[in-house]
Structures are given as C-alpha cells and as structure tokens.
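Here's the letter readout for the chains.
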Amino acid sequence: MALSKILLYYTFTPIADPTAVMLWQRDLCESLGLKGRIIISEHGINGTVGGEMAACKKYVRKTREYPGFKGMEFKWSEGGAEDFPKLSVKVRDEIVSFGARGELKVDENGVVGGGQHLKPGEVHELVEKRGEDVVFFDGRNAMEAQIGKFRDAVVPDVDTTHDFIAELESGKYDWMKDKPVVSYCTGGIRCEVLSSLMKNRGFSEVYQLDGGIVRYGEKYGNQGLWEGSLYVFDKRMHVEFGEDAAELGHCVLCGNPSNTFVNCVNEDTCRRQVLLCDDCSSHIATSHCGRPDCAAVAAELAAS
Ligand SMILES: [Zn+2]
Ligand SMILES: [Zn+2]
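Numbering of residues begins from 1 in every chain and follows the order in which that chain's sequence is written. Lettering of chains starts at A and numbering of ligands starts at 1, both following the order in which they are written. The model is predicted, so local features are restricted to residues of pLDDT at least 70 and side-chain atom pairs to those at 80 or more, both for listing and for counting; the totals for chains, interfaces and linings are taken over all residues. As a rule here, side-chain values come from all non-hydrogen atoms in the structure, and water together with hydrogens is ignored.

### Quick notes on the packing of helix H3 (residues 120-130) against helix H7 (residues 212-220)
Axes are the key here: two packed helices are described by the angle between their axes and the distance separating the axes. Using the following cut-off: To obtain each axis, a line is fitted to C-alpha atoms, and for helices this fit is confined to the stretch in contact; angles are then taken between N-to-C directions over 0 to 180 degrees. Runs of H or I in DSSP of at least four residues are treated as helices and runs of E of at least two as strands, each being numbered from the N terminus. Note that the term roughly parallel is reserved for angles under 35 degrees, roughly antiparallel for angles over 145, roughly perpendicular for angles of 65 to 115, and oblique for everything else. Here, two residues are considered to be in contact whenever any of their heavy atoms come within 4.5 Å of each other. Three classes are used, and their members are as follows: Ala, Val, Leu, Ile, Met, Phe, Trp, Tyr, Cys and Pro are nonpolar, Asp, Glu, Lys and Arg are charged, and the others, Gly among them, are polar.
Taken N-terminus to C-terminus, the directions of H3 and H7 make an angle of 80°; their axes are 9 Å apart at the nearest point. Taken together, the axis directions place H3 and H7 in an arrangement best described as roughly perpendicular. Residues Pro120, Gly121 and His124 of H3 pack against Arg215, Tyr216, Lys219 and Tyr220 of H7. Here the residues of the contact of H3 with H7 are counted per class, giving 3 nonpolar, 2 polar and 2 charged.

As structure tokens, this is what we get:
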C-alpha cells in the first residue's frame, strides 16, 4: 500500500469569491482522491485532508498557486484518507466560528490587529523577563483543558468558541488587561481570532503562541511549561508529549486519574463527552456523565 499522510493548514487572507475557491478545492481534492474537511470564508481557508503521499504533495503545490495561499504552511501528520468519512468542502461565515464575522479584519498579511506571535522559545524569554506577571490564557473549550494546559493558565468558561465574546466582556478577566497575556490553542488558528478580539476589548499586551501547543510540545515536550495531555479532534482523542506526561484529568464518577473522554451512554438526550476511568467506562452502569437522568438510563441499560 502506498504511504499516506494527513495535511493540516490554515491561512487568513482576503478571498473575494469564496464559492469559486470552494468549487476549485472540491474538484482538486476529488481528482486526487483526498478526503477530509475544508472550510472557506471571505477571510481565509482552514483544512484537514488525508490521502496518498503523492496526492498530498500535488495538493500542496496546486493550492499554493492561488496568490493568497502562496506562503501557507502545511503541517504533515500520520494518517490518510481512511481517517475521514468523506470529503466536505464548504463556504462558511467564518473559518473558526467565534460569531465575529463583522469584527474580524484580514489583509494580505493575515489578521489585522492580532496578538504578537511568539515562538516557543520566545514565550520562555518573556516568562524569564516578566516572571509571575505573565498570564497564560487558554483559547480552547474548557473541556479540553481538563486533561492538559499551561501551568497556572487561566481557563475561560466556554463550551464552544462562540462563548468567548460574552466571556471576555463579562468583566471576569479585566484584572489581566494591563498584564502580558499569552493566548494559546491547539494549532494556533483559534488564537489568531481570539487575540484580536481581546485587543479590541482593552487587553493591552496580548501575545499568541505561534504554531500552538503542537509546536510547543515538539520543542519542549513535558520539560517546559506545558502539563498533561493535548486534546485532539480525531479518533485518537488525546496525545502526549512523551511518557512522562502529567495526568491532570479525573474520572467524573470515581475521581481516579484519567485522560480519556467518553461519550455519555445516554445518547438520546445527552451528547456530552466526559472523563471516565477505564474501570468506570468498562461497565454500562457507570459509563454516564454523572447527571441523574443519565445515571438512570445507564442503570436501565445495564439491567436489560
Ligand atoms: Zn472512574
Ligand atoms: Zn449524560
């Protein structure tokens, strides 16, 4: 079997005709046998596609022929077309949905007015210089931070990126408006938008971790300021930077250490993913999220 790969990429650039780009990208992927998910908006493109190595290489070359995508970086990772159920290429209001379409400004150089990019080493320099004053601000959904985050990071109370604007305007974080704030997320894309929303709301010194936790982990593993596992949006669910990763998460039912998210067994009315230990998740009666109605459903299923 030919060697396969997955490509991850995004760029913020003005796209005059998102529909035309969508149709072109769909044709290109179909002709190369790639599967995955691509979102295009008037502000850029965000994609994850998998397929044979030769097809991926050709995809990168062809995609970079579009002037706005010329300098786009592609991350190569393990996997292939079989990791995706199908090919989906869509035009959306935003490539990451913060509900901020009218606010986000993008030009040929990317997001206008975003936080300053810091490479992993530069984050360490900032911490050396400014010490305890530096605040790490988690740009992901709160659930993701349950199994891993930067040491002492502030984790906003958000279920989805759509909740960020209200959270930033709640006043809860006003104390950090004059502090150096390092925003971070999985691969960097969410902080491109988040850091600009923060600056627009009076946070005066905002940075963003370049390449996200993924790149930081490649450089420092578990020897730096990161603690625990990294939540990922594919079937792996989480990854660790080496075997010495700290276990931050706890089973919601028994409290034992766990970094494994499991779907609540009450699939009809609860779609929550919760941390469960192997012991609890291996029995139907204890593979629920802890909500009383879900516990009742689990008990019923276990008895039948
Ligand atoms: Zn448990
Ligand atoms: Zn539940």
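### What about the side chain of glutamine 208?
To keep it simple, the criterion reads: The rule is simple: take the accessible area with a 1.4 Å probe, protein chains only, and divide by the maximum for that residue type; under 20% is buried, over 50% is exposed, in between is partly exposed. Polar contact is the term for a pair of N or O atoms within 3.5 Å; when the atoms are in protein, one must be able to donate a hydrogen and the other to accept it, and sequence-neighboring residues count only if both atoms are side-chain atoms.
Among the structural elements, glutamine 208 can be located in strand E12 (residues 205-209). Of the residues examined, glutamine 208 reaches a relative accessible area of 2% and is grouped as buried. A polar contact of 3.2 Å, which involves the side chain of glutamine 208, links it to the backbone nitrogen of glutamate 192.

### Brief notes about the coordination of the zinc ion (ligand 2)
Stated formally: Only nitrogen, oxygen and sulfur atoms qualify as donors, provided they sit within 2.8 Å of the metal or within 3.2 Å for Na, K and Ca; with water excluded from the atoms, sites may seem incomplete. Irregular is the default label, applied whenever a site is not tetrahedral (four donors, all angles between 85 and 135 degrees) and neither square planar nor octahedral (four or six donors, opposite donors over 155 degrees apart, all other angles between 65 and 115).
Around the zinc ion (ligand 2), the protein supplies Cys264 (SG), Cys270 (SG), Cys289 (SG) and Cys294 (SG) as donor atoms, at distances of 2.3 to 2.4 Å. For the zinc ion (ligand 2), the 4 donor atoms in the first shell make angles of 105 to 116° at the metal, a pattern classed as tetrahedral. For the zinc ion (ligand 2), the single-chain donor residues occur in sequence as C-x5-C-x18-C-x4-C.

### Overview of a positive patch on the surface
We count it as follows: Nonpolar side chains (Val, Leu, Ile, Met, Phe, Trp, Tyr) within 5 Å and like charges within 9 Å form the patches, drawn only from residues with over 30% relative accessible area and no salt bridge. Per-residue accessibility takes into account occlusion by the displayed protein chains alone, with areas from the Shrake-Rupley method and a 1.4 Å probe. Each salt bridge in this description consists of a side-chain nitrogen of Lys or Arg and a carboxyl oxygen of Asp or Glu lying within 4 Å of one another. Think of it this way: Lys and Arg go in the positive column, Asp and Glu in the negative one, and His and the chain ends go nowhere. We put the charge of a Lys on NZ, of an Arg on CZ, of an Asp on CG and of a Glu on CD.
Judged by side-chain charge, Arg37, Lys86, Lys90 and Arg92 come together as a positively charged surface patch. Here lysine 90 lies in strand E5 (residues 87-91).

### Section: the coordination of the zinc ion (ligand 1)
The protein atoms that coordinate the zinc ion (ligand 1) are Cys251 (SG), Cys254 (SG), Cys277 (SG) and Cys280 (SG), at distances of 2.3 Å. Classification of the site at the zinc ion (ligand 1) as tetrahedral follows from its 4 donor atoms and the range of 102 to 116° in their angles at the metal. Sequence positions of the residues that donate to the zinc ion (ligand 1) give the spacing C-x2-C-x22-C-x2-C. Taken together, the residues span a long stretch of sequence, with cysteine 254 in the loop between strand E15 (238-239) and strand E16 (261-263) and cysteine 277 in the loop between strand E17 (273-275) and helix H8 (278-281) at a distance of 23 residues. Of the residues examined, cysteine 254 reaches a relative accessible area of 40% and is grouped as partly exposed. Residue classification places cysteine 277 among the buried residues on the basis of a relative accessible area of 5%.

### Notes on the UniProt feature "domain: Rhodanese" (unreviewed entry) in the protein chain
As a reminder, the rule being used: UniProt positions are given in the numbering used here, feature names are shortened, and annotations may be inferred rather than shown by experiment.
The sites that carry the UniProt feature "domain: Rhodanese" (unreviewed entry) are, in the present numbering, residues 130-225. Taken end to end, residues 130-225 comprises 32% helix and 18% strand; its first and last C-alpha atoms sit 15 Å apart.

### Details of the domain arrangement of the protein chain
Applicable threshold: Bear in mind that the domain bounds are from an automatic or database domain assignment.
What the domain assignment reports for the protein chain is domain 1 (4-91), domain 2 (106-233) and domain 3 (261-303). Here domain 1 and domain 3 have C-alpha centroids that lie 37 Å from each other.

### Regarding the packing of aromatic side chains
Under the convention used in this document: Only centres within 6.5 Å qualify two rings of Phe, Tyr or Trp (six-membered ring in Trp) as a pair; their planes then separate them into stacked at under 30 degrees, edge-to-face at over 60, and tilted for everything else. Charge-over-ring placement is defined geometrically: NZ (Lys) or CZ (Arg) within 6 Å of the ring centre, and within 35 degrees of the ring normal.
Scanning the model with the defined rule gives 18 aromatic pairs in all. Residues tyrosine 216 and tyrosine 220 carry aromatic rings whose centres are separated by 5.0 Å and whose planes lie at 40° to one another, so their mutual orientation is tilted. Here tyrosine 216 and its partner tyrosine 220 are both found in helix H7, 4 residues apart, which amounts to about one turn of the helix. Residue tyrosine 216 is classed as buried on the basis of its relative accessible area, which comes to 0%. Ring pairing ties together the aromatic residues Phe136, Phe150, Tyr184, Tyr216, Tyr220, Trp226 and Phe241, which thus form one cluster. One residue, lysine 177, lies across the ring of phenylalanine 203, its end atom 5.4 Å from the ring centre.

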